[in-house]
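Structural characterization, general
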Amino acid sequence: MRTLKDINFKNQRAIVRVDFNVPLNEDLQVTDTTRVKAAKPTIDYILSKGGSCVLLSHLGRPNGFEQSLSFQNIIDKISEILEHKVLFCKTCIGPEAESKAASLLSGQVLLMENLRFNQEETKGDLLFSKGLSKLGTIFVNDAFGTAHRAHASTTIIANFFQNNKCFGSLLEKEVMAIEKVMNDGISPILAILGGAKVSTKITIIESLIEKVNHLIIGGGMVYTFTKALGGKVGNSICEPDYCNYALDLIDKAKKKNVSLHFPVDVVAGNTFSNNAKQKIFDVMEIENGWEAMDAGPESIKKFHEVIIKCKTILWNGPLGVFEFPNFSAGTIAAGKSIAEATINGSFSLVGGGDSVAAVKKFKMDNDMSYISTGGGAMLESLEGKILPGIASLNK
Ligand code: AMP
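Thresholds, definitions, all that
- Residues numbered from 1 in each chain as written.
- Predicted model: local features only at pLDDT ≥ 70, side-chain atom pairs only at ≥ 80, totals over all residues.
- Heavy atoms only, no water.
- Pairing = 2+ DSSP bridges.
- Helix = DSSP H or I, 4+ residues; strand = E, 2+ residues; numbered from the N terminus.
- Right-handed = clockwise from strand over helix to strand, strands pointing away.
- Phe/Tyr/Trp six-rings, centres within 6.5 Å; stacked < 30°, edge-to-face > 60°.
- Buried < 20%, exposed > 50% of the residue type's maximum accessible area, 1.4 Å probe, protein only.
- Polar contact = N/O pair within 3.5 Å; in protein donor to acceptor, adjacent residues only side chain to side chain.
- Axes fitted to C-alpha atoms, helices over the stretch in contact; angles between N-to-C directions.
- Contact = heavy atoms within 4.5 Å.
- Left-handed = near helix turned anticlockwise from the far one by under 90°.
- Nonpolar A, V, L, I, M, F, W, Y, C, P; charged D, E, K, R; others polar.
- Near = heavy atom within 4 Å.
- Areas by Shrake-Rupley, 256 points an atom, 1.4 Å probe, with all protein chains shown as cover.

**Concerning the pairing of strand β3 (residues 86-89)**
The pairing of β3 with strand β4 (residues 109-112) spans four bridges and is parallel. Bridging from a neighbouring strand, Cys89 pairs with Met112 of β4. Read from β3 through helix α3 (residues 95-102) to β4, the crossover connection turns out right-handed.

In structure tokens:
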């Protein structure tokens, strides 16, 4: 893996693919600055070594030019977060873009207009990629969030650079965190999988069962297993078409010596709402008229015992409907147990999906070893796929 330290940036112009796809409110203000902050170490490093930066990113999903998705609207905010004046170019390709980039002095930063104003970006168009490559002398990819896309600026552009391309520090951290779970994990290794449905998690389950010693299954997925094992699910979310898959998985786990852990009790509501009346059921005995929406107190204790003894922990997906405060206890408790394990020296990675949102919501982001910035990219990595943006850097 070629990283920033392997490249001499002195008097070089680095094209840095960042992920500035930030959420905006109606007044076009940035409501979460995490992604811009995450790119700062790479930019600072390049500048400190005497280089300049040409930043490339997309913002939203425009269909051609859309004023509301222009980086011009937020360039001052980006400068403020990066603590560095960022210049702006109102196009990302062509003579004007090239001459603006070429005029950069070392220590300067230029942000090009939203890549996705050009449909060639998402198509991975070769000529467009070549045009982008002319903006600098080195290519640095620091956009983990789009590394699973074979787009022009995330993947194809790298083909125009031989050895003068590398991982940015954010991308490096993400890849190392995944490695620590998928390939270099210290045993016992645990994956906690929650979320709504089994059907959307099959590829990740199949991949993880090869890697882990323990697997906690939580959230709405549980009730497909309840049904498969002959239990009663009441009104809980359930995918009967996947009952056979659930039984096969239980079998597979046994063969592979993976300990599967399910909730033993669940907190159900009489409606799907935060203010629903609550009742605790055995996971196999959920009455009609009740929808299980959280792990119960016995399950929380049981999961805690598993979590604190594991040395490598991956968490993907909440253990209940955490958006409802009255049904968030299981998700919060899992977060606390992981935090305790982390303090005791375990490595914990939270990634891919709503568990990241949950950890942030409950202000546990500083208690985990690593929180991934990339939803889809992290999921695909956990599914065992080699991401195109990463493969093209390693070519
Ligand atoms: P996912 O994107 O698959 O990780 O699913 C996340 C969603 O699963 C969240 O919005 C949770 O509210 C939801 N979820 C978790 N547990 C349950 C449950 N028991 N019943 C319904 N939805 C759930």
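**Brief notes about the packing of aromatic side chains**
Aromatic ring pairs are described here by two measures, namely the spacing of the ring centres and the angle between the planes. Evaluated as defined, the whole model comprises seven aromatic pairs. Ring plane angle 45° and centroid distance 4.9 Å describe the contact between Phe225 and Phe262, whose orientation is recorded as tilted. In this pair, Phe225 sits in helix α8 (residues 222-228) while Phe262 sits in the loop between β10 (259-261) and β11 (265-269), placing the two residues 37 residues apart along the sequence.

**Re the side chain of Ser133**
Along the chain, the position of Ser133 falls in helix α5 (residues 126-133). In this structure Ser133 comes out as buried when scored by relative accessible area, which is 10%. A distance of 2.6 Å separates a polar side-chain atom of Ser133 from the backbone oxygen of Lys130.

**Thoughts on the sheet that holds β4**
As summarised here, the arrangement of the six strands in space is β3-β4-β2-β1-β5-β6, forming an open sheet in which the pairing is parallel. With one partner strand each, in any of the chains shown, β3 and β6 (165-167) form the two edges of the open sheet. Taken over all neighbouring pairs, the strand axes of this sheet differ in orientation by 25° on average, direction set aside. Packing of helix α1 (residues 34-48) onto the sheet brings it into contact with β1 (13-17), β2 (52-56), β4 and β5 (138-141), and relative to β2 it is tilted by some 150°.

**Overview of the packing of helix α6 (residues 169-182) against helix α13 (residues 375-382)**
Running from N to C, α6 and α13 cross one another at 30°; their axes reach a closest spacing of 11 Å. At the point where α6 passes α13, the crossing takes the right-handed sense. Along its contact with α6, which presents Glu174, Ile178 and Met182, the element α13 presents Met378, Ser381 and Leu382. Classifying every residue of the contact of α6 with α13 gives four nonpolar, one polar and one charged.

**Some points on the environment of Glu206**
In this fold, Glu206 is placed in helix α7 (residues 202-208). Taking the C-alpha atoms as reference points, Glu206 and Ile15, separated by 191 residues in sequence, lie 37 Å from one another. Here Glu206 is in contact with Tyr245, Leu249 and Lys252, once residues within four sequence places are set aside.

**Things to note about the site of the ligand**
Among the 15 residues in the neighbourhood of the ligand, the closest are listed as Ala196, Gly220, Ala292, Gly320 and Glu323. Glu323 is positioned with one of its side-chain polar atoms (N or O) 2.5 Å from an oxygen atom of the ligand. Contact with the protein chains hides 83% of the accessible area of the ligand, taken as 500 Å² for the molecule alone. Here the shell around the ligand is composed, by residue class, of seven nonpolar, five polar and three charged.

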